[in-house]
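Here is how the chains run, residue by residue.
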Amino acid sequence: MPNCAQYDKLPSLQPLLFNPCCYTCQDYTWALGKKEIAAVKPELVVFSDRNSRNFQCGLPLSCSYMLNFDNTQMAKRVFSGFRPTGKQHIGNYLGTIQNCVSLQADYDCVYCVVDIHALTTLESTEALQEDVYEMVLDWLAAGIDPQKSIIFVQSHVPQVEELHTLFSMLTPLSWLLRVPTFKEKVKMQPQNVNYGLVGYPVLMTADIALYKGEVVPVGEDQLPHLELAREIVRRFNSLYGFVFPEPQAKLTSFPLVAGLDGVQKMSKSYNNHIEIAASPEEIMTRVRTGFTDPARRYRSDPGHPEACNIFALHKFFTPARVEEIASECRHASIGCVDCKKILARSISSALEPFREKRAVFVAKPNYVTEVLAEGANRAQAIAEETIKEAKEKMKLPRRVNLGDIRE
Ligand code: TYM
């Protein structure tokens, strides 16, 4: 097998060749036997993978490495999206980003800043650019690696709007009106129940399907959207033929991180969050405001760690002492103030490497812009293929070039 550098030098390589390092050796005739080859020409072989992901590879048949090709090892695609909310909080991190990072080892990952989705709730777009920048900085510092993953902005690849429109034609309105997040948004912004809010999960389905995402790291709050995404692609596939794999959610062991108010999920909209880029002082200030076990009114009252939000965070940030803290809380030998101090210190030290890495990226002024520009190019190449395939399956009239008719 050629290595990556050799692949780059092959003159006949098609632009869609993606992550060639992922593919290991097997017999070429095996691939033929499995009918994985879509077309064979004297000078070119075109493969499509087992999910019709249109993996294509233009290689002269004479190349000896064609004898060794295995598409059983192809990595599944991971897709996730985040609204551009600026600096990320530990709910985003524990609920999703940590999975986005670890999945990079085994999957082909695509991570998207969903700026169009954000328009459904934003009152002003003034801070959008800055929010995208801060959010991507956090991703990079957390370990999302642009060498391994595609990182891009949703509106930079407009094919998603096209797929959204196509999907909207086969999605019954009743499916959308029963989505819990739609009902919540209607309550939260009764003055702005826009058309985009209803179609939010359809656009989300288009995000995932455009990249044929199969694994979707998300927090628990996104599960109803994922359920709907599966229904929409299933409907497409049954009406027009298989194009899109059904996406499956991938949760972490902290799929729903509660906010410091102890009531809502952690979210910037509720101002009950701790940013992962926060300084140790900011973390201490924030943790101090956190609600604890409501039944523990006095220092001498025994606590109930299982009902305490601060304790839930200890499970992740202070794992070595978690049993000890639980027991001290139950016996009232530690007060909530001290318990919070321990937590703030644990969070600060766990996030120290993250803050250091972030500072390195901040010092490179164009880095984020370059990552997003490169990501948009790579994402667009996949998106164009998927849209073409979807329209062909839907039998939409082909656009013919005038030159082809007049000849
Ligand atoms: P968003 O922007 O609200 O959140 C981004 C991700 O962070 C997770 N998350 C949490 N997880 C646990 N506890 C919390 N307190 C918490 N807060 C946020 C979210 O579950 C999410 O995974 N609709 C999506 C964005 C989206 C998308 C997609 C996601 C658009 N297209 C395609 C996956 C695939 C959203 O608004 O996430």
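For every chain, the first residue of the written sequence is number 1, and numbering continues from 1 onward in sequence order. Local features in a predicted model are, by the rule used here, given only for residues with pLDDT of at least 70; side-chain atom pairs are given and counted only at 80 or more, and totals for whole chains, interfaces and linings are based on all residues.

## Here's the deal with the overall build of the chain
When helices and strands are tallied, the chain shows 16 helices and seven strands. Residues counted as buried form 37% of the 407 residues belonging to the chain. Secondary structure follows DSSP: runs of H or I at least 4 residues long count as helices, runs of E at least 2 residues long count as strands, and numbering of each begins at the N terminus. Counting other C-beta atoms within 10 Å of each residue's C-beta, where C-beta atoms are placed from the backbone, gives the exposure class: buried for 20 or more, exposed for 12 or fewer, partly exposed between.

## Overview of the nonpolar core
The nonpolar core is taken to be a set of buried Ala, Val, Leu, Ile, Met, Phe, Trp, Tyr and Cys residues joined by way of C-beta atoms within 7 Å. Judged by nonpolar contacts, the single largest core of 82 residues is most densely connected at V110, V136 and I151. The element best represented in this core is helix 9 (residues 195–210), accounting for eight residues. Once residues lying within four places of it in the same chain are set aside, the contact partners of V110 are R77, V78, F79, S149, I150, Y211, G213 and A379. Contact between residues is assigned whenever the C-beta positions, reconstructed from backbone atoms, fall within 7 Å.

## Section: helix 12 (residues 309–317)
Within the sequence span of helix 12, burial applies to N309, I310, F311, L313 and H314. The elements touched by buried residues of helix 12 are helix 13 (322–330) and helix 14 (336–362).

## Brief notes about the site of the ligand
Near residues are defined by distance alone, with the backbone-placed C-beta atom required to lie within 6 Å of the molecule or strand. In the vicinity of the ligand lie 26 residues, with G81, R83, G91, G95 and G219 positioned nearest. Counting only elements with at least two residues in the shell around the ligand, the list comes to strand 3 (77–82), helix 3 (90–103) and helix 9. Residues of the shell around the ligand, tallied by class, amount to 11 nonpolar, 11 polar and four charged. All amino acids are sorted into three groups, where Ala, Val, Leu, Ile, Met, Phe, Trp, Tyr, Cys and Pro are nonpolar, Asp, Glu, Lys and Arg are charged, and the leftover types, Gly among them, are polar.

## Things to note about the packing of helix 5 (residues 128–142) against helix 15 (residues 367–393)
Axis definition: a line fitted to C-alpha atoms, over the contacting stretch in the case of helices. Angles run 0 to 180 degrees between N-to-C directions. One way to put it is that helix 5 packs onto helix 15 with a least axis distance of 10 Å and a crossing angle of 85°. Judged by the inter-axis angle, helix 5 sits roughly perpendicular to helix 15. Along the contact surface, helix 5 presents Y133, V136 and L137, while helix 15 presents V368, V371 and L372. Each residue belonging to the contact of helix 5 with helix 15 can be placed in one class, and the counts come to six nonpolar, no polar and no charged. By definition in this entry, angles of less than 35 degrees are roughly parallel, angles greater than 145 are roughly antiparallel, angles of 65 to 115 are roughly perpendicular, and the rest are oblique.

## Considering the environment of V198
With respect to the helices, strands and loops of the structure, V198 is situated in helix 9. Along the primary structure V198 and L176 are separated by 22 residues, whereas in three dimensions their C-alpha atoms are 6.1 Å apart. If we ignore the near neighbours within four places in the chain, the residues touching V198 are L176 and F182.

## Looking at the pairing of strand 3
Most of strand 3 is tucked away: six of the six residues are buried. Burial along strand 3 is two-sided: R77, F79 and G81 facing one way and V78, S80 and F82 facing the other are all buried. Only strands joined by at least two bridges in the DSSP assignment are considered to pair. Both strand 3 and strand 4 (residues 108–113) contribute to a ladder of six bridges, which runs parallel. By the bridge assignment, G81 is partnered in strand 4 with C112. Read as a crossover between parallel neighbours, the route from strand 3 over helix 3 to strand 4 is right-handed. Seen with the strands pointing away from the viewer, any crossover whose path from the first strand over the helix to the second strand runs clockwise is right-handed.

## Examining unusual backbone geometry
One non-glycine residue with positive phi stands out, namely K212, at about 50°. With respect to the helices and strands, K212 occurs in the loop between helix 9 and strand 6 (215–217). Positive phi is not limited to glycine here, since N271 has a value of about 50°. If you trace the backbone, N271 turns up in the loop between strand 7 (248–250) and helix 11 (280–288). By C-beta crowding, N271 is classed as exposed, having 12 other C-beta atoms within 10 Å.

## Some points on the packing of helix 12 against helix 14
Taken N-terminus to C-terminus, the directions of helix 12 and helix 14 make an angle of 35°; their axes are 10 Å apart at the nearest point. Judged by the twist between their axes, the crossing of helix 12 over helix 14 is left-handed. On helix 14, the residues touching I310, L313, H314 and F317 of helix 12 are C339, K340, L343, S346, I347 and A350. Left-handed describes a crossing in which the near helix is turned anticlockwise from the far one by less than a right angle; the clockwise case is right-handed.

## Thoughts on the confidence of the model for the chain
pLDDT measures the predictor's confidence residue by residue and takes values from 0 up to 100. Per-residue confidence for the chain averages 85 on the pLDDT scale, and 82% of its residues sit at or above 70. Low pLDDT, under 50, characterises residues 1–72; the stretch is placed with 91 contacts to residues that sit more than four places away or in other chains.

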